[in-house]
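# Residue-level structure breakdown
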Amino acid sequence: MLTKDEVYSKVTDCLVEALGVDEDEVSPESTLTGDLGAESIDFLDIVFRLEKSFSIKIPRGGLFPENILSNPEFVKDGRVTEKGLQELRDKMPHLDIDKFANEPNVNNFADLFTVDMLVNYVSTKLN
Amino acid sequence: MSSSKGVFEDKVVLVTGASRGIGKAVAIAFAREGACVAINYRSNKDAAQETASLVEQAGGKALLVQADVSVRSDCEKLVDQVVEKWETIHVLVNNAGVTRDGLLMGLDENDWDTVLKTNLEGTVFLSKAVLPHMMMQKYGRIVNISSVSAGNGRRGQGSYSSSKGAVEAFTRVLALEVAPKNITVNAIAPGMIETDMSDLVRGLANKQILAQIPVSRYGKPEDVADSVLFLASDKADYITGQVIRVDGGITLGIGI
């Protein structure tokens, strides 16, 4: 069984490969989009690399949400509704939705996707 | 076999519908440049085996893979088999295509489905299946075989023209999506090429058709293959989302 440090190291390798960033740019708090410059296609790339690196299967929409923030039922005036927050809690238990709920502006949503979040997600999968 | 190193040495190329016509010429052309060529066919195994022999004679490595690209699960299995043999895929040529011509008012719904599923969905789902491998290696070249019918239809080609028009639209969108991963997606739109597919129409209207081709001859499958190889080569690294017409100028004039 891998330690958390070992998982972190392999996750970092995946991010270096997928995003073309230097290893020293990656820290546990780095946000994938804001700090590491990930675009939409990169999220798929990260998923493929994590699957291969850890020999796990990540269901479509399992790590990064699909069809939630584009659903008018869940987003109104640029803010995620209560129903949307509940949907995120149900579907994305690895995200810190309580923190996001303080200011549920869709523009802040990307900040939830950090390196640490990936490490926790993979660790849970491995267990 | 050439003694110098081929342009596609160590590259794995998957060509769909490679048992005859344009696909066969494309497979052989890649083989001349040293590629490992996966030859996909649907039903004509004997013809596919002949392509495989020619590929090996030309200096390439050949793998025969039966799959019906109109069946989504076949697309995944096809890619899996190539990857199992050669670990990855560098170039995908979506060539497999069919026609079921007929006027719309007499349209057989099954024919419509066959054409759209083969020509369009085959291209879409095979691309989807190869992309993870291309993305992981940060290199990929997809060349879709469209047709001049995408832009200049003939009566009775509702399904074929629609499928090819959609392939060109898909080519542009996919090119946008995957460009950051060093994957290019382009299309070739052949005109009247000497293949079994165009045999009937060439037989019915030989003189009228030739009169509309400025270079005064039909295209050969090799004419198309040369352009496919160009788009798949490093010389075309900066080209993506484009459609190149290989048609002897047939779409330039107004047909009078």
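Refer to the preceding data block for the structure.
To keep things clear, this report deals only with the structure shown in the data block.

Procedures and definitions
- Residues numbered from 1 in each chain as written.
- Chains lettered and ligands numbered in written order.
- Predicted model: local features only at pLDDT ≥ 70, side-chain atom pairs only at ≥ 80, totals over all residues.
- Contact = placed C-beta atoms within 7 Å.
- Nonpolar A, V, L, I, M, F, W, Y, C, P; charged D, E, K, R; others polar.
- Helix = DSSP H or I, 4+ residues; strand = E, 2+ residues; numbered from the N terminus.
- Expected span 1.5 Å × (residues − 1).
- Buried ≥ 20, exposed ≤ 12 C-beta atoms within 10 Å, placed from the backbone.
- Arc of directions from axis to C-beta.
- Axes fitted to C-alpha atoms, helices over the stretch in contact; angles between N-to-C directions.
- Parallel < 35°, antiparallel > 145°, perpendicular 65-115°, else oblique.
- Left-handed = near helix turned anticlockwise from the far one by under 90°.
- Pairing = 2+ DSSP bridges.
- Right-handed = clockwise from strand over helix to strand, strands pointing away.

So, about the interface of chain A and chain B. Taken together, the contacts link five residues of chain A with seven residues of chain B. Classifying every residue of the side of chain A that touches chain B gives two nonpolar, no polar and three charged.

All right, on to helix 1 (residues 4-19) of chain A then. All names here are of chain A. In this model, helix 1 (16 residues) spans 22 Å end to end at C-alpha, consistent with the 22 Å of a helix rising 1.5 Å per residue. By the burial criterion, the buried members of helix 1 are Val7, Tyr8, Val11, Thr12, Cys14, Leu15 and Ala18. Relative to the axis of helix 1, the buried residues are bounded by an arc of 160° and lie together on one face. In helix 1, the exposed residues that point more than 90 degrees away from the buried face are Asp5 and Glu6. In this fold, the buried residues of helix 1 make contact with helix 2 (40-54) and helix 6 (115-126). Following helix 1 by one or two positions, glycine 20 has its phi on the positive side, about 65°.

All names here are of chain B. Its 13 residues place the ends of helix 2 (residues 45-57) 18 Å apart at the C-alpha level, agreeing with the 18 Å of an ideal helix rising 1.5 Å per residue. Within the sequence span of helix 2, burial applies to Ala48, Thr51, Ala52 and Val55. The arc that holds the buried residues of helix 2, viewed along the axis, is 100°, so those residues lie on one side. For helix 2, the exposed residues lying more than 90 degrees away from the buried face are Asp46 and Ser53. Check the buried side of helix 2 and you find it contacts helix 1 (21-32), strand 2 (36-41) and strand 3 (61-66). One or two residues past the end of helix 2 sits glycine 59, with phi positive at roughly 105°.

Our focus in this paragraph is the packing of helix 1 of chain B against helix 8 (residues 221-232) of chain B. Residue and element names in this part refer to chain B. Taken N-terminus to C-terminus, the directions of helix 1 and helix 8 make an angle of 50°; their axes are 8 Å apart at the nearest point. Taken together, the axis directions place helix 1 and helix 8 in an arrangement best described as oblique. Here helix 1 runs over helix 8; the crossing is right-handed. Here Gly21, Ile22, Lys24, Ala25, Val26, Ala29 and Phe30 of helix 1 come into contact with helix 8, specifically with Pro221, Glu222, Val224, Ala225, Asp226, Val228 and Leu229. Classifying every residue of the contact of helix 1 with helix 8 by side-chain character gives ten nonpolar, one polar and three charged.

This paragraph deals with the pairing of strand 1 (residues 12-15) of chain B. Residue and element names in this part refer to chain B. On strand 1, burial covers both faces: Val12 and Leu14 on one face and Val13 and Val15 on the other are all buried. With four bridges connecting them, strand 1 and strand 2 associate as parallel partners. Counted as the bridge partner of valine 12 is cysteine 36 from strand 2. Handedness of the strand 1-helix 1-strand 2 crossover: right-handed.

Right, let's get into the sheet that holds strand 3 of chain B. All names here are of chain B. Taken in spatial order, the seven strands of this open sheet run 3-2-1-4-5-6-7, and their pairing is parallel. A single partner strand is all that each edge strand has here, and the edge strands are strand 3 and strand 7 (243-246). Strand after strand, the sheet turns through a mean of 20° between neighbouring axes, direction not considered. On top of the sheet, helix 4 (residues 109-136) reaches strand 4 (91-94), strand 5 (140-145) and strand 6 (183-190); it is set at about 180° to strand 4, its chief contact.

Another aspect to go through is the environment of lysine 235 of chain B. Inspection of the secondary structure assignment puts lysine 235 of chain B in the loop between helix 8 and strand 7. As for lysine 235 of chain B and glycine 97 of chain B, which are separated by 138 residues in sequence, their C-alpha atoms are 27 Å apart.

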